[in-house]
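Structural overview
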Amino acid sequence: MKRILILTAGFGDGHNAAARNLRHGIESISDEAKVEVLDLFESTYGSLNTLMRHAYQGVVQYAPTVWAGVFSVFDNPALFRRQVNGLSRLRDSLAQVLNESEPDCVVSTYPVYAHLIDDLYRDHAERPFRLITVVTDSLTICSAWYRASIDVLVVPNDETREVLIEAGVARGRIQALGFPVSLDFTLDRPQPMSAPQKGEPRRILYPINTGKKKSGRVIERLLDLPDTHLTITVGRDAGLRAELHERFRHQPDRVRVLGWTNSMPKLLMSHHLVITKAGGAMVQEALAGHCPLILNQVIPGQEEGNARLVEKLGAGMVVEKSKHIAAAVEEAFADKSKLWRRWQENIQKAGHPDAALRVAELALAESHHGSREPRSVKLFEEPAAPPAVATPHPHKPPAAKALLCDFHIHTNYSDGRLALPEVVDFYGRRGFDCICITDHVADPRRLIGRMGELINLTIPYAQLEEYFDMVERERKRAWRKYSMRVMTGIEFNKEGFTKKTSGHLLGLDLKAPIDPALGFVEIIAQIQSQGGLSVAAHPHLLKSEWGKNTLYLWENQELFAPIIDAWEIANRNNIFTPVGLKRFAFLANSDFHKPKHIYSWKTLLHCDNDPDAIKDCVRRNEHVALTLYRDGLTGEALRAQPRTLPLRASEIEALPAKLFGAPI
Ligand code: ZN
Ligand code: ZN
């Protein structure tokens, strides 16, 4: 088995995107390789030990000013060296990671790591792994990228390769494989867009990542052009989204306003043009998606190189001022789209939609140069096959094992802090057996005119399909990598003016979106018709700093108790005593929004690790236990300590009494 360690950094544009996409690439072509992505500068999320967390804390305070892409420092060897010398704690952390993980190949998407590795192996004869650096910039390449001893430098394009050769880098060390863009560009590759015929819509994608104030005016100017249809994305700016939505609501056929999206590849592949700033990842994705660009902002430094690349390739245009955007679009489509056709032709030659796979192949090939004996190490360890549970049920044949589960988890699709793949890795590394992603979807009728800011903390109904696709993809990865089940869920929020008219309902293991504007009874029916579970989320009074109480389902339990599959008896640190007293089927969940929420109530199920068995176990609510998750408590550790599993029938019966201190 080969181990590949990918090092990244969260500042600047594109390092994380390149690292993440490369990992997907490797995982999609090899079952043999173990691959990890690590950001030693920023988010280590508990996968590292205490020493490294401390190192991380030290660096982060120091990092933003020094490392946020300060080009002059990077390009000046003396200054750069002084800064790298100052990173002794980061270097120690890196040494420890390399020692523990024993990678066969290290891929860095950030220039600093290669220098730290040089330092670490300065006095030693030979570095025991291959080192690849994936350069995320084009044309304007600061020398820090290549001054270290790197086996292979991967660059985004031939033009950049020429620049490096000019700068003295050995030809044989450079491979122009492309920037590792999302695999979406290779997976569902559509036909290239054809030029719009007369009367056909010109589809323009406008991710507003700069010049927000002027964006309304830009859109108006674009709409003055005939047959122009716009897809606007505003990221997480709820105010802007509401404003644009309001301003252009009279033209719903021509203007579509989206919030934050994971489907930029799909959007790029289905539009004629994209208007964007010259950020590295976006420019590379547009090239991969064969979508010509109009660049409306170029920040000196890396972005200059990206802008020059677009001009050099003849794949679009740079405009000086936002008021020139509409004119540029008009020019592109003038004379039967003459200019646009040329851009399209050039871009098809230039884009590298499959770069993540090509770089993945390179990393796999390089990892075979390593000569180490494989050894089990912590960083790459797969969860071991669980042993049979030691305390079988006295009356019924025991299920294979007890499963550590969390059925209430938010990602940054709604108001969670981590992205979906990060959540999966976060739980997978902790040995969870089954999780359900439950991002918020709000009832649109309850949001109009008020709570506008909430819109951005929920998934828009139009984006639900994308959400389902993404969870489905992560489901496969999680099973392959961690033997962890991932289910798709939704938290349906209905916000009233009072706590008694507000309710949150979880739908677990859903197969398709459900209209959040339906009433709860109908939503429950639809959940169940999909084979899913309906769960009342935090149904009783919360004792917490953030929580708004949501008592609607509880207050109407005559109606809901017969149809709801289970009630949260515990949510994060809250235990709802009255729910236990009702003898409703219960579950305990994190309501996870950020890493520290992991230390909270969880559910243990004594059943097979199979979605139907899990749901059945919840419905029947036999062999269900609560546990308070603490450090070091993994599914595996739990299984190794049978006393933490009170799974005898008598013990389960006694559970609520134990918890609430009174017999029921
Ligand atoms: Zn909730
Ligand atoms: Zn929630």
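Residues numbered from 1 in each chain as written. Chains lettered and ligands numbered in written order. Predicted model: local features only at pLDDT ≥ 70, side-chain atom pairs only at ≥ 80, totals over all residues. Heavy atoms only, no water.

Another point: the overall build of the protein. From N to C terminus, the protein includes 25 helices and 22 strands. Across the protein, contacts joining residues at least 24 apart in sequence account for 69% of those joining residues at least 6 apart. Total accessible area on the protein is roughly 27,400 Å²; 51% of this is exposed by carbon and sulfur atoms. (Helix = DSSP H or I, 4+ residues; strand = E, 2+ residues; numbered from the N terminus. Contact = heavy atoms within 4.5 Å. Areas by Shrake-Rupley, 256 points an atom, 1.4 Å probe, with all protein chains shown as cover.)

Pairing is parallel in the open sheet, where 6 strands are placed in the order β9-β8-β7-β10-β11-β12. The outermost strands of the open sheet, each flanked by one partner alone, are β9 (255-258) and β12 (316-318). Each adjacent strand pair in this sheet contributes to an overall mean axis angle of 15°, direction not counted. This element, helix α12 (residues 280-288), spans β7 (202-207), β10 (273-277) and β11 (293-297) of the sheet and lies at about 170° to β11. (Pairing = 2+ DSSP bridges. Axes fitted to C-alpha atoms, helices over the stretch in contact; angles between N-to-C directions.)

Here helix α1 (residues 15-29) crosses helix α15 (residues 355-367) at 70°, and the two axes come no closer than 8 Å. Judged on the interaxial angle alone, α15 and α1 are roughly perpendicular. Crossing handedness for the pair α1 and α15: right-handed. Every residue of α15 that contacts α1 at Asn21, Leu22, Gly25, Ile26, Ser28 and Ile29 is listed here: Ala356, Leu357, Val359, Ala360, Glu361, Ala363 and Leu364. Here the contact of α1 with α15 is composed, by residue class, of 9 nonpolar, 3 polar and 1 charged. (Parallel < 35°, antiparallel > 145°, perpendicular 65-115°, else oblique. Left-handed = near helix turned anticlockwise from the far one by under 90°. Nonpolar A, V, L, I, M, F, W, Y, C, P; charged D, E, K, R; others polar.)

Here we come to the confidence of the model for the protein. Any segment with low pLDDT has predicted coordinates that should not be analysed in fine detail. When the pLDDT values of the protein are averaged, the result is 82; 81% of them are 70 or greater. pLDDT under 50 marks residues 641-664. Its contacts with residues more than four places away, or in other chains, come to 42 contacts. (pLDDT = per-residue confidence, 0-100.)

Ideal geometry at a metal gives 109.5 degrees between four tetrahedral donors and either 90 or 180 degrees between six octahedral ones. Around the zinc ion (ligand 1), the donor atoms from the protein are Glu491 (OE), His504 (ND1) and His538 (NE2), and they sit 1.9 to 2.2 Å away. For the zinc ion (ligand 1), all donor residues lie on one chain, and their spacing in sequence is E-x12-H-x33-H. The distance between the zinc ion (ligand 1) and the zinc ion (ligand 2) comes to 3.4 Å, and Glu491 binds to both of them. Taken together, the positions of His504 in strand β16 (residues 503-508) and His538 in the loop between β17 (533-536) and α20 (552-555) put the pair 34 residues apart, joining distant regions of the chain. (Donors = N, O, S within 2.8 Å, 3.2 Å for Na, K, Ca; no water.)

Hydrogen bonds between backbone groups are what pair the strands of a sheet, and the pairing can be parallel or antiparallel. The 6 strands are arranged β2-β1-β3-β4-β5-β6 in an open sheet whose pairing can be described as parallel. Sheet topology places β2 (34-38) and β6 (174-175) at the edges, where each strand pairs with a single neighbour. Across 4 bridges, the pairing between strand β3 (residues 105-108) and strand β4 (residues 130-134) is parallel. Bridge assignment links Ser108 to a residue of β4, and that residue is Thr133.

The next subject is the nonpolar core. Within the largest apolar cluster, 48 residues are counted, with the highest numbers of intra-cluster contacts made by Tyr427, Ile437, Tyr467, Met484 and Leu505. Per-element tally for this core: the top contributor is helix α18 (residues 464-482), with 7 residues. Apart from the residues lying within four places of it in its own chain, the contact partners of Ile437 are Ile409, Thr411, Leu420, Val423, Tyr467, Val471, Val486, Met487, Thr488, Gly489 and Ile490. Core analysis: the next-biggest nonpolar cluster, separate from the first, contains 38 residues, Leu7, Tyr110, Val112 and Val135 among them. (Core = buried A, V, L, I, M, F, W, Y, C linked by side-chain atoms within 4.5 Å. Buried < 20%, exposed > 50% of the residue type's maximum accessible area, 1.4 Å probe, protein only.)

Further remarks concern the environment of Asp119. Its location among the elements puts Asp119 in helix α6 (residues 112-120). Overall, Asp119 belongs to the buried group, its relative accessible area being 13%. When the C-alpha positions of Asp119 and Ala148 are compared, they lie 9.6 Å apart, and in sequence the two are 29 residues distant.

On to the coordination of the zinc ion (ligand 2). The zinc ion (ligand 2) binds to the protein through His408 (NE2), His410 (NE2), Glu491 (OE) and Asp591 (OD); the donor distances cover 2.0 to 2.2 Å. Classification of the site at the zinc ion (ligand 2) as irregular follows from its 4 donor atoms and the range of 80 to 163° in their angles at the metal. The sequence pattern formed by the donor residues of the zinc ion (ligand 2) is H-x1-H-x80-E-x99-D. (Tetrahedral: all angles 85-135°; square planar, octahedral: opposite > 155°, others 65-115°.)

Packing of helix α16 (residues 420-429) against α18 leaves a shortest axis separation of 10 Å and a crossing angle of 25°. The orientation of α16 relative to α18 falls into the category roughly parallel. As for the relative orientation of α16 and α18, their crossing is right-handed in sense. Along its contact with α16, which presents Leu420, Pro421, Val424, Asp425, Gly428 and Arg429, the element α18 presents Met470, Val471, Glu474, Arg477, Ala478, Lys481 and Tyr482. The class makeup of the residues in the contact of α16 with α18 is 7 nonpolar, 1 polar and 5 charged.

So, about the pairing of strand β22 (residues 624-628). Successive residues of a regular strand alternate their side chains across the two faces of the sheet. β22 sits mainly inside the fold: 4 of its 5 residues count as buried. Here strand β21 (residues 601-606) pairs with β22 via 5 bridges, running antiparallel. Following the sheet pairing, Leu605 is matched in β22 by Val624.

Let us now look at the packing of aromatic side chains. Across all of its chains, the model carries 18 aromatic pairs by this definition. Seen in terms of ring centroids, Trp260 and Tyr413 are 5.3 Å apart; in terms of plane orientation they differ by 80°. Their pairing is edge-to-face. With a gap of 153 residues between them, Trp260 in the loop between β9 and α11 (264-269) and Tyr413 in the loop between β13 (402-409) and α16 connect regions that are remote in the sequence. Clustering of aromatic rings is evident, with ring pairs tying together Phe426, Tyr427, Phe432, Phe592, Tyr599 and Tyr629. Above the plane of the ring of Phe520 lies Lys494, whose end atom (NZ or CZ) is 5.4 Å from the centre. (Phe/Tyr/Trp six-rings, centres within 6.5 Å; stacked < 30°, edge-to-face > 60°. Lys NZ or Arg CZ within 6 Å of the ring centre and 35° of its normal.)

Secondary-structure assignment places Arg23 in helix α1. Sequence-distant contacts of Arg23, defined by excluding residues within four places in its chain, comprise Ile6, Val35, Val37, Pro421, Asp425, Arg477 and Lys481.

This part is about the environment of Thr140. By the element assignment, Thr140 lies in the loop between β4 and β5 (152-154). When the C-alpha positions of Thr140 and Leu164 are compared, they lie 9.7 Å apart, and in sequence the two are 24 residues distant. A polar contact of 3.3 Å, which involves the side chain of Thr140, links it to the backbone nitrogen of Gly305. (Polar contact = N/O pair within 3.5 Å; in protein donor to acceptor, adjacent residues only side chain to side chain.)

Quick look at helix α19 (residues 520-529) now. When α19 is considered as a whole, its buried residues turn out to be Phe520, Ile523, Ile524 and Ile527. Projected onto a plane normal to the axis of α19, the buried residues spread over an arc of 100° and lie on a single side. Along its buried surface, α19 packs onto β15 (485-494), β16, β17, α20 and α21 (557-560). Of the residues flanking the end of α19, it is Gly531, one or two places downstream, whose phi is positive at about 85°. (Arc of directions from axis to C-beta.)

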